[in-house]
Amino acid sequence: MSGNPTSREESFLVRGGTSLNGEIAVAGAKNSVLKLMAVALMAEGRTTLTNCPSISDVPAMADVLRHLGCAVEISGDTVVIDTPSELGHVADDKAAQRLRASVCILGPLVGRHHRAVIAMPGGDAIGSRPLNWHQNGLNALGAQTHMDHGRLVAEATELRGASYNLSFPSVGATETFVTAAVLAPGTSVLKNAAREPEIVDICDLLNEMGARISGAGTSTITIEGVDGLTPVTHRVIGDRIVSATWAMGAVMTRGDVKVSGIDPMFIHVVLENLRAVGAEVETGTDWVRVSQEGRPRARDIRTLPFPGFPTDLQPMAIALASVSEGVSVVTENLFEARFRFVEEMVRMGVDAETDGHHAKIVGRERLDSATVWASDIRAGAGLVLAGMCADDVTEVCEVFHIDRGYSDFVGDVRALGGDIERVPTQR
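Residues numbered from 1 in each chain as written. Predicted model: local features only at pLDDT ≥ 70, side-chain atom pairs only at ≥ 80, totals over all residues. Heavy atoms only, no water.

### A closer look at empty space enclosed by the protein
What counts here: Only protein atoms enter the 1 Å grid used here. Points where a 1.4 Å probe fits but cannot escape make up a cavity, open sets with protein on both sides within 12 Å along at least five of seven lines make up a pocket, and a residue lines them when an atom lies within 4 Å of a point. Grid points are joined across faces, edges and corners, and a volume is the space filled by probe spheres set on the points. The helix and strand labels rest on DSSP assignments: H or I over at least four residues marks a helix, E over at least two residues marks a strand, and numbering proceeds from the N terminus. Residues were grouped as follows: Ala, Val, Leu, Ile, Met, Phe, Trp, Tyr, Cys and Pro as nonpolar; Asp, Glu, Lys and Arg as charged; and all remaining residues, including Gly, as polar.
Inspection of the entire model under this criterion finds 2 cavities of 30 Å³ or more. Estimated volume of the largest cavity: approximately 70 Å³. As for the largest cavity, its lining consists of Lys-35, Val-39, Val-103, Cys-104, Pro-108, His-134, Gly-172, Glu-175, Thr-176, Thr-179 and Ile-202. Contributions of two or more residues to the lining of the largest cavity are made by α1 (30-39) and α6 (171-181). Counting residues per element, the lining of the largest cavity draws most heavily on α6, at 4 residues. Grouping the constituent residues of the lining of the largest cavity by class yields 5 nonpolar, 4 polar and 2 charged. Its volume calculated, the second largest cavity comes out at about 40 Å³. Lining the second largest cavity are Val-277, Arg-297, Ala-298, Arg-299, Ile-301, Ala-317, Leu-320, Ala-321, Ser-324 and Ser-328. Counting residues per element, the lining of the second largest cavity draws most heavily on helix α10 (residues 314-322), which supplies 3 residues.

### Focus on the pairing of strand β14 (residues 256-260)
Note the following rule: Burial here depends on accessible area, computed with a 1.4 Å probe over protein chains only, as a share of the maximum for the residue type. Under 20% is buried, over 50% is exposed, and the range in between is partly exposed. Criterion used throughout: strands pair if DSSP finds at least two bridges between them.
Residues Val-257 and Val-259 point to one face of β14 and are all buried, whereas Asp-256, Lys-258 and Ser-260, pointing to the other face, are not buried. As paired elements, strand β2 (residues 21-25) and β14 share 5 bridges and run parallel to each other. The partner of Ala-25 across the bridge, within β14, is Ser-260. As judged from the 5 bridges shared by β14 and strand β16 (residues 287-291), these two strands associate in the antiparallel manner. Paired with Val-257 across the bridge in β16 is Val-290.

### Topic: helix α11 (residues 340-347)
What counts, and what does not: As used here, the arc is the angular range of directions from the helix axis to the C-beta atoms. By definition in these notes, contact holds between two residues if any of their heavy atoms fall within 4.5 Å.
Among the residues of α11, those classed as buried are Phe-341, Val-342, Glu-344 and Met-345. Mapping the buried residues of α11 onto a view down its axis gives an arc of 160°, with all of them on the same face. On its buried side, α11 packs onto α10, β19 (351-355), β20 (358-362), β21 (371-373) and α12 (377-388). The positive-phi residue at the C-terminal boundary of α11 is Gly-349, with phi of around 90°.

### Examining the UniProt feature "binding site: phosphoenolpyruvate" (unreviewed entry) in the chain
Rules: UniProt positions are given in the numbering used here, feature names are shortened, and annotations may be inferred rather than shown by experiment.
As recorded in UniProt, the sites labelled "binding site: phosphoenolpyruvate" (unreviewed entry) are Lys-30 and Asn-31. Within the secondary structure layout, Lys-30 lies in helix α1. Given the relative accessible area of 9%, Lys-30 is considered buried. Setting aside residues up to four positions removed in sequence, Lys-30 forms contacts with Pro-53, Ile-55, Asp-57, Asp-239, Ile-377, Arg-378, Arg-404 and Gly-405. If we ignore the near neighbours within four places in the chain, the residues touching Asn-31 are Glu-198, Ile-241, Asp-312 and Arg-378.

Spelled out as structure tokens, the structure:
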């Protein structure tokens, strides 16, 4: 399980005129596995995670944990983390800056050892994601936090149960508060909590380890502090963003794709939007099937926290609008820099413009092939789907982004009938 170390110098060549058809199984969620790996810091001993995706962010997170004193083994879809009785509390700057999810070690370290130092995390270039909500939650529990030369420092003499009301249902801040509160004496209540399935997955793992958490998946999470946790084996939930990528790709390319390994309720709003543009949608216990005949209809979409339309799928929404019949408006309510994707679609001949949080896209029958650049994981995937709808060969550059979030992306596209290859970036 590793990303391609040379992928910063590699591109994908995508030949247009093909459609996605067939069946595909998705692996565990990127937005879950990295956080679950961090939760392993909270229990001395061996934690085992199964159904892990083969993405480059997993070994990157393993490096973060190793620097803190853990032994981490990655084999196939299984990650085994041996956590020592005493952990380091200073995250490696280079490792943390490569990985936005490195912030998720903050709550476990403060919760278990009452101290943590992490560099401002890196990751996708999609806009500002401040740490003040994380700090405020930790402060409510009794920690003291401050910034010091680009690092967040958090320490506490003791933690205690507390109530905290998030001003925005931030996924990361929810994770930080919950993990820090699990070992704090007393009762903690988090209001306006994030409701994403990945939050539920984290709370499920913690409860399996001995935590007492209720309300995960709702806007109010209650945590009764416990004295300690024990390691367990846990299966990562299926990746809803990858699942929806293939579903939306089926609509864009007028194909027919069945995706297994996903709870359809995780992408319910996405599927409803696909039905609205003209797709046929079927669902089962752990699968969805999406097919499209003819050109999709234009549809206005706005991103919102779960259960709304995911911001991670905003590039796919814009790509879909680009080949739809009519004019669509896509509203981004979470990350302001995600509209960088629109610039790449303009390179492909799309009539599109942005105004603040809104992008207006005039759809066209066929896109122009072009050389385009991925600015983040999901933008890269969206550009590949757009390339499948173009008139010739599209080069998608900086594909290391895609490697961070999709297991064997080229293999999956090919398995579904796409014409794609990985090549050295053309200069």
